[in-house]
Every structure is written in C-alpha cells, then in structure tokens.
Amino acid sequence: GENVEQHPSTLSVQEGDSAVIKCTYSDSASNYFPWYKQELGKRPQLIIDIRSNVGEKKDQRIAVTLNKTAKHFSLHITETQPEDSAVYFCAASRAGANSKLTFGKGITLSVRP
Amino acid sequence: NAGVTQTPKFQVLKTGQSMTLQCAQDMNHEYMSWYRQDPGMGLRLIHYSVGAGITDQGEVPNGYNVSRSTTEDFPLRLLSAAPSQTSVYFCASSYWPGRHEQYFGPGTRLTVT
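Residues numbered from 1 in each chain as written. Chains lettered and ligands numbered in written order. Predicted model: local features only at pLDDT ≥ 70, side-chain atom pairs only at ≥ 80, totals over all residues. Heavy atoms only, no water.

J.: How should the overall build of chain A be read in this particular structure?
T.: The helix and strand tally for chain A stands at 0 helices and 11 strands. Reading chain A from its N terminus to its C terminus gives the helix and strand order β-β-β-β-β-β-β-β-β-β-β. Taking 13 Å as the expected radius of gyration for a compact globule of 113 residues, we find that chain A reaches 14 Å, a close match to that expectation. Overall, the C-alpha framework of chain A stretches about 40 × 30 × 20 Å when taken along its three principal axes. Taking all 113 residues of chain A together, 42% fall into the buried category. (Helix = DSSP H or I, 4+ residues; strand = E, 2+ residues; numbered from the N terminus. Rg over C-alpha atoms; globule rule 2.2 N^0.38 Å. Buried < 20%, exposed > 50% of the residue type's maximum accessible area, 1.4 Å probe, protein only.)

See below:
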C-alpha cells in the first residue's frame, strides 16, 4: 500500500518568513495530493490540493509543488502569520471511486510573533 | 447544511464495554470513512464505505465494526473496548476521495480505562 512520510516533524519560523513542508510517497500510481490543516482542538480541513498533471498550484500565500519523478511534493507558505500555526498533514491517493487517502504523520508548524 | 456530524463529543469507557460512535452527513456523499488520530501517528484509516451496503477495511480495522445501511449514516462500533483504543476518532465524507475534498466531522474523544 501507499506510504506517506513528512519531514520535518516540527517546524518553527519567525512571523513573515516562509515555511516549506515536504512529503514523500511510495506508490507511483498515486495522482492526487491534498494538504490538510488542523488547528488545535479542531477538525482537519483541506487547504490546497494538486493532481499529477500539474506541477505547481498557488492560492494566495500557499502553494504546492509536485515532483512525480522523485515522488515528493511540498507545501510552501509565504509571509507566515501566527494563525498559520497548526498541524499540517499531507496525503496521497490513486484515482478511482474505491481509492483510499493515506495521510502522513503531520508536521507541527509554529509561527513566532 | 450541517455537513458531517458526530456524537458523542466525549466518551469514557471501561475495558470490555462496547459502544457505537455515530456519524452522519447531509451532503449526499457516497464515500465515508473513519480515522483515528493518535499523537505522532497522523490520521489512520479504520474502515471506509463507497456506498450504502458496501464497507471495507482500512489500515487499523481490528476491534472495530462498521455498517452502511443508508447513504447518510456510517456508525463505528467498538466491540470490546481496550485502553489501546483511547484516541480521537474522526468521521469523514466525500464524493470521490481520489479527486475531491474530504469533509471531517468534529471528532469524538474516547478514553478507555
């Protein structure tokens, strides 16, 4: 089955700096890669996703890049703010109605004011 | 729309007791799933369903049962609770997990003593 790993497990940045969170996956047939954000005590919520026919996707201060050859994808957050502090999960899935989403273990991002 | 709802929010069980965690969604999603979240372990898939009458095992199914008699409801049953099942449980639903956002419920925090 799919195995998704995230690096590092914790990340601390100064407010206004950029943060980059990396994930690797093992199943070369995976082609859907979402990122979820979970604030303390809350449910995970989708913040951005990318499909394998796209190399990069941006949404305001966040972007995701995908390298299918190397089987890794990354979340980029620019101009970080204290409200970006949360746990971020990457995930991977194949296409298909019976596909399953496999999550990484999560990264705790702390933005220092 | 209420989205995905879960009951109860908190539960304390004694070892050996059984109980059912309830999950319901009003978005007409075919796909529903149960995850457990433990510190440092990310979100691990317990069971999932691709439609009424169809269920399948995820990564950590032992000790749990599910059924899907309607599109809206997907209860999770703990047969004989064990301390290792102390966790936060999230239910999620989506149209197609390999292409669409999964919507999570608010979670149930379960403690087994």
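Next, the rest of the story.
J.: Explain the interface of chain A and chain B here, please?
T.: Across the contact, 21 residues belong to chain A and 23 residues belong to chain B. Counting each side, the surface lost to burial between chain A and chain B is near 1,900 Å², with a carbon and sulfur contribution of 54%. It is R43, K100 and F103 of chain A that lose the most area in chain A upon contact with chain B, and together they represent 27% of the buried surface on that side. Where chain A meets chain B, there are 0 salt bridges. The interface formed by chain A and chain B contains 3 residue pairs in polar contact (both at pLDDT 80 or more). Those elements that place two or more of their residues in the side of chain A that touches chain B are β4 (32–38) and β5 (45–51) of chain A. (Contact = heavy atoms within 4.5 Å. Buried area = accessible area lost by both parts, 1.4 Å probe. Salt bridge = Lys/Arg side-chain N within 4 Å of Asp/Glu carboxyl O. Polar contact = N/O pair within 3.5 Å; in protein donor to acceptor, adjacent residues only side chain to side chain.)

J.: Would you mind going over the packing of aromatic side chains with me for this structure?
T.: To describe a pair of aromatic rings, you give the distance between the ring centres and the angle between the ring planes. Applying the stated criterion across every chain, the model contains 13 aromatic pairs over all chains. Here the aromatic rings of Y25 of chain A and F73 of chain A are separated by 6.0 Å at their centres, their planes lie at 55°, and the arrangement is tilted. Of this pair, Y25 of chain A sits in strand β3 (residues 19–25) while F73 of chain A sits in strand β8 (residues 72–77), and the two are 48 residues apart along the sequence. Assessed through its relative accessible area of 5%, Y25 of chain A is described here as buried. In textbook terms, an aromatic cluster arises when at least three aromatic residues are bridged by ring pairs, as seen for Y36, F89 and F103 of chain A together with Y35, F90 and F104 of chain B. (Phe/Tyr/Trp six-rings, centres within 6.5 Å; stacked < 30°, edge-to-face > 60°.)

J.: Help me understand the nonpolar core, please; the structure alone is not making it clear to me.
T.: Nonpolar side chains in soluble globular proteins tend to be buried together. In this structure, W35, F73 and L109 of chain A are the most contacted members of the largest nonpolar core, which totals 24 residues. Among the secondary structure elements, those contributing two or more residues to this core are β2 (10–14), β3, β4, β5, β7 (62–67), β8, β9 (86–92) and β11 (107–112) of chain A. Core analysis: the next-biggest nonpolar cluster, separate from the first, contains 19 residues, L13, M19, C91 and L110 of chain B among them. (Core = buried A, V, L, I, M, F, W, Y, C linked by side-chain atoms within 4.5 Å.)

J.: Would you explain the state of the cysteines in this entry?
T.: By definition, a disulfide links two cysteine residues through a covalent bond between their sulfur atoms. Within the structure shown, the criterion is met by 2 disulfides over all chains. Through a disulfide, C23 of chain A is tied to C90 of chain A; the S-S separation comes to 1.8 Å. Judged by the sign of its S-S torsion, about -95°, the cystine formed by C23 of chain A and C90 of chain A is left-handed. Remark: C90 of chain A occurs in strand β9 and C23 of chain A occurs in strand β3; sequence separation between them is 67 residues. C90 of chain A sits in the buried class, given a relative accessible area of 0%. Covalently, C23 of chain B is tied to C91 of chain B through a disulfide, its sulfur atoms 1.8 Å apart. Of note, the bridge from C23 of chain B to C91 of chain B carries an S-S torsion of about -70° and is left-handed in sense. Of this pair, C23 of chain B sits in strand β3 (residues 19–25) while C91 of chain B sits in strand β9 (residues 87–94), and the two are 68 residues apart along the sequence. Neither C23 of chain B nor C91 of chain B differs from the other in exposure class; each is buried. (Disulfide = S-S within 2.5 Å.)

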